[in-house]
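Inside the fold
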There are 2 protein chains.
Amino acid sequence: MADSTTDLRVERKPKLSETVVAAIRRQLLAGEIPPGNKLPTEGQLTETFGVSRTVIREALAKLAADGLVEARQGAGVFVTEHISTTFGALAADMGSKDSIALNVLEVRLAIEIESAGLAAIRRNAAQEAAIQEAFFEFERLLLASQPTGPADLAFHRAIASATNNPFYVEMLDVLGRRAIPCDVTSPWSTELVQSDDYQRGLQREHLVILDAISAGDAGAAREAMRTHLTRSQQRYRERLQARQAYYAKSVKAAATE
Amino acid sequence: MADSTTDLRVERKPKLSETVVAAIRRQLLAGEIPPGNKLPTEGQLTETFGVSRTVIREALAKLAADGLVEARQGAGVFVTEHISTTFGALAADMGSKDSIALNVLEVRLAIEIESAGLAAIRRNAAQEAAIQEAFFEFERLLLASQPTGPADLAFHRAIASATNNPFYVEMLDVLGRRAIPCDVTSPWSTELVQSDDYQRGLQREHLVILDAISAGDAGAAREAMRTHLTRSQQRYRERLQARQAYYAKSVKAAATE
DNA sequence: ATTAGTTTGTTGTATGATGACTTTTGCATA
DNA sequence: TATGCAAAAGTCATCATACAACAAACTAAT
């Protein structure tokens, strides 16, 4: 009983090809292989990933379907120029400043609102289940007093995925990494992010979104996502102010000593 | 001379898997296999299509990537429940490149809708004037029977600029270059793009957007932009179909000679 | 120097086998 | 008969190997 597979929550079987897709996609979005360049050959990828060529080929096929790469018989597999890479490079340059981070967050808002609307219309059963799963995971972590950040991200990512438009996922990946660096470790954010009220509020908003998507109501989904994100925006601003106050105080303390 | 089988520009190398994908997708969209039902096994498909299982698997992987089917290990491959006809149908007969263009266009839609809303709230006098300027320029070009494309682009760009968020402009530039390669020179589009009715319709939609922004009504601006862009999306699809028909005809003509 | 032929590397396709998982079947038991 | 459980069959997932098709680089002959 209780064999090793059931110890964790649902986490179904991640197909090998999906793992490879995720790995390669991350490298591509990070710009490790510039657009126009050739990827390693299937044989080399087979070695580096330790899987058969079948898996590599399936992964490459999926990436090609997403428009990330392009295979030319006899020549190789090449990286296609991509919006996320160009835009990600832009955002990366200016990603340090807070005011810019808010601007990027605003772009993310546009993407996610539309995502919710499309997800309400186009989601399939598995995708809806994935969204619910992320929601319940958030709940579980909340009750266990554990960091809910990953589940939050998974929730939004599942929605983007449910649009069946891979570009939304890529956008979210690129923007999310830049705009949501707010982890719980920062001294000025602990009391806010980890507060139960705060997370409970997030979850309430998530529920409204989830319901709208489940009901297939695109308009309601967009509205729910809009309120959720504008509030998050507001919370983010408050946190920035809190951090600034924190640093100001610490500077003052250092000055007086 | 290069007697290669594909002297025509339409498609260079139709991979076997793509053929299978098209065939199965047509069957699915035609409803020959109701949603939730199981497809024939890979082995059976191998027989019916006369190709290897490798090809069948790649085709199924692509269909799964598009969200049309879902494979359950040990059980079979099943048709997804919610197949939105609007989404699935357009990807049906067109190559991956076109479907990618449509996906990018959809991201642009998200950006521009939010742009309009923000512009309605944040625009200053000069920015509002710039939008109006582009609008009247469009009108002028229309009356002069000159290409209105540049003015159209300027209109949208002015709105993005009026958000006072430079990333929206960047986004629009990056996406626009990719999603709007439809110049007026193509033989299959001239009659559509240059038609007076077509452009007059665009301008009517532009006016609604302009009014909403001038009135400072963010919700109305978003709605107006949404209808404008969804209609543009529809027009774009129709143009793709027209192009396909055009090429199909030319191929047919080439075959008969 | 140009061109034709050859070689080599890479993707596309075919085939067979094995493992993992799901569903069904059949049998034993109450 | 009804129920529960184990065996079996069916199916996808992965692996391994081989050959075909194609493209680029290289070599040699004119």
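Scroll up for the structure.
Before going into details, it helps to say that this report is about the structure given with it. (Residues numbered from 1 in each chain as written. Chains lettered and ligands numbered in written order. Predicted model: local features only at pLDDT ≥ 70, side-chain atom pairs only at ≥ 80, totals over all residues. Heavy atoms only, no water.)

1. What about the overall build of chain A?
The test is simple: Helix and strand assignments come from DSSP, with helices taken as H or I runs of at least 4 residues and strands as E runs of at least 2, each series counted from the N terminus. Only protein chains enter the accessibility calculation, which uses a 1.4 Å probe; a residue is then buried when its area is under 20% of its type maximum, exposed when over 50%, and partly exposed in between. Whether two residues touch is decided by their heavy atoms; if any such pair falls within 4.5 Å, the residues are in contact.
For chain A, the helix and strand inventory stands at 11 helices and 2 strands. Order of helices (α) and strands (β) in chain A, N terminus to C terminus: α-α-α-β-β-α-α-α-α-α-α-α-α. Across the 257 residues of chain A, 47% fall into the buried class. Of the contacts formed within chain A by residues at least 6 apart in sequence, a portion of 72% connects residues at least 24 apart.

2. Focus: the pairing of strand 2 (residues 76-79) of chain A
What counts here: Between any two strands, at least two bridges found by DSSP are needed for them to pair.
Of the two faces of strand 2 of chain A, the one lined by A:Gly76 and A:Phe78 and the one lined by A:Val77 and A:Val79 are each fully buried. The turn joining strand 1 (residues 69-72) of chain A and strand 2 of chain A, which pair antiparallel and follow one another in sequence, is formed by 3 residues; a positive phi near 85° is taken by A:Gly74.

3. Examining the packing of aromatic side chains
All names here are of chain A. Spelled out, the test is: Pairing of aromatic rings covers Phe, Tyr and Trp, the last counted by its six-membered ring, and requires centre-to-centre distances within 6.5 Å; plane angles under 30 degrees mean stacked, over 60 mean edge-to-face, and any other angle means tilted. Distance and angle both matter: a charge sits over a ring if NZ of Lys or CZ of Arg is within 6 Å of the ring centre and within 35 degrees of the ring normal.
Within this structure, the stated rule accounts for 2 aromatic pairs over all chains. Judged by centre distance (5.6 Å) and plane angle (75°), the ring pair of Phe135 and Phe136 falls under edge-to-face. Here the guanidinium or amino end of Arg72 rests over the ring plane of Phe78, the centre of that ring lying 4.2 Å away.

4. Comments concerning helix 6 (residues 125-143) of chain A
Residues and elements named next belong to chain A. The cut-off we apply is this: Expected helix span is taken as 1.5 Å per residue step, with the number of steps being one fewer than the number of residues. Whenever two N or O atoms come within 3.5 Å, that pair is a polar contact, provided that in protein one can donate a hydrogen and the other can accept it, and provided that, for residues adjacent in sequence, both atoms are side-chain atoms.
Compared with the 27 Å implied by 1.5 Å per residue over 19 residues, the 27 Å span of helix 6 between its first and last C-alpha is a close match. Every buried residue of helix 6 is listed here: Gln127, Glu128, Ile131, Ala134, Phe135, Glu137, Phe138, Leu141 and Leu142. Where helix 6 begins, the capping side chain belongs to Asn124, and its oxygen is found 3.0 Å from the backbone nitrogen of Ala126. Of the residues one or two after helix 6, Ser145 is the one with positive phi, at around 60°.

5. Considerations on the protein's contact with DNA strand C
For clarity, the cut-off: Residue proximity to a molecule or strand is established when one non-hydrogen atom of the residue lies within 4 Å of it.
Lining the immediate surroundings of DNA strand C are 21 residues, of which A:Arg53, A:Arg57, A:Gln73, B:Leu16 and B:Ser52 lie closest. Among atoms of DNA strand C positioned within 4 Å of the protein, sugar and phosphate together represent 66%. At 2.9 Å, a backbone N or O of A:Gly74 approaches a base nitrogen of DNA strand C. Contributions of two or more residues to the surface near DNA strand C are made by helix 3 (53-65), strand 1 and strand 2 of chain A together with helix 3 (53-65) of chain B.

6. Things to note about the interface of chain A and chain B
Heads up, the condition is: Buried area, as used here, totals the accessible surface that two parts lose on assembly, with accessibility defined by a 1.4 Å probe and the loss added over both. Whenever Lys or Arg places a side-chain nitrogen within 4 Å of a carboxyl oxygen from Asp or Glu, that contact is recorded as a salt bridge. Ten residue types, Ala, Val, Leu, Ile, Met, Phe, Trp, Tyr, Cys and Pro, are classed as nonpolar, four, Asp, Glu, Lys and Arg, as charged, and the remainder, Gly among them, as polar.
Listed by partner, the interface residues are 42 residues for chain A and 37 residues for chain B. Summed over both partners, the interface of chain A with chain B comes to about 3600 Å²; 58% of that surface belongs to carbon and sulfur atoms. Our count for the contact surface shared by chain A and chain B stands at 6 salt bridges. Close ionic contact of B:Arg57 with A:Glu58 constitutes a salt bridge, the shortest N to O distance being 3.2 Å. Between the two partners, chain A and chain B, sit 12 residue pairs in polar contact (both at pLDDT 80 or more). If you list the elements that add at least two residues to the side of chain A that touches chain B, you get helix 3, strand 1, helix 4 (83-93), helix 5 (98-122), helix 6, helix 8 (166-179) and helix 11 (218-256) of chain A. Among the elements that line the side of chain A that touches chain B, the one with the most residues is helix 5 of chain A, at 12 residues. Across the side of chain A that touches chain B, the residue classes tally to 22 nonpolar, 7 polar and 13 charged.

7. Here's the deal with the pattern of salt bridges
A full pass over the atoms with the stated rule returns 29 salt bridges over all chains. A:Glu42 is paired through a salt bridge with A:Arg53; the nearest N and O atoms lie 2.6 Å apart. Taken together, the positions of A:Glu42 in helix 2 (residues 42-49) and A:Arg53 in helix 3 put the pair 11 residues apart, joining distant regions of the chain. Residue A:Arg53 is classed as partly exposed on the basis of its relative accessible area of 48%. Across the salt bridge formed by A:Arg200 and A:Glu139, the nearest N and O atoms sit 3.2 Å from each other. Here A:Arg200 is found in helix 10 (residues 196-215), whereas its partner A:Glu139 is found in helix 6, with 61 residues between them in sequence. Exposure remark for A:Arg200: the relative accessible area of 28% places this residue in the partly exposed category. One connected set of salt bridges, linked through shared partners, spans A:Lys15, A:Glu58, B:Glu42, B:Arg53 and B:Arg57.

8. Topic: the protein's contact with DNA strand D
Taken together, 20 residues lie near DNA strand D, and A:Leu16, A:Ser52, A:Val55, B:Arg57 and B:Gln73 sit nearest. Counted by atom, the contact set of DNA strand D within 4 Å of the protein is 73% sugar and phosphate. Between DNA strand D and A:Ser52, the relevant distance is 2.8 Å, taken from a phosphate oxygen to a main-chain nitrogen or oxygen of the residue. Between DNA strand D and the protein, one listed contact pairs a phosphate oxygen with a backbone N or O atom of B:Glu42 at 3.3 Å. Those elements that place two or more of their residues in the surface near DNA strand D are helix 3 of chain A together with helix 3, strand 1 (69-72) and strand 2 (76-79) of chain B. Broken down by class, the residue content of the surface near DNA strand D amounts to 6 nonpolar, 8 polar and 6 charged.

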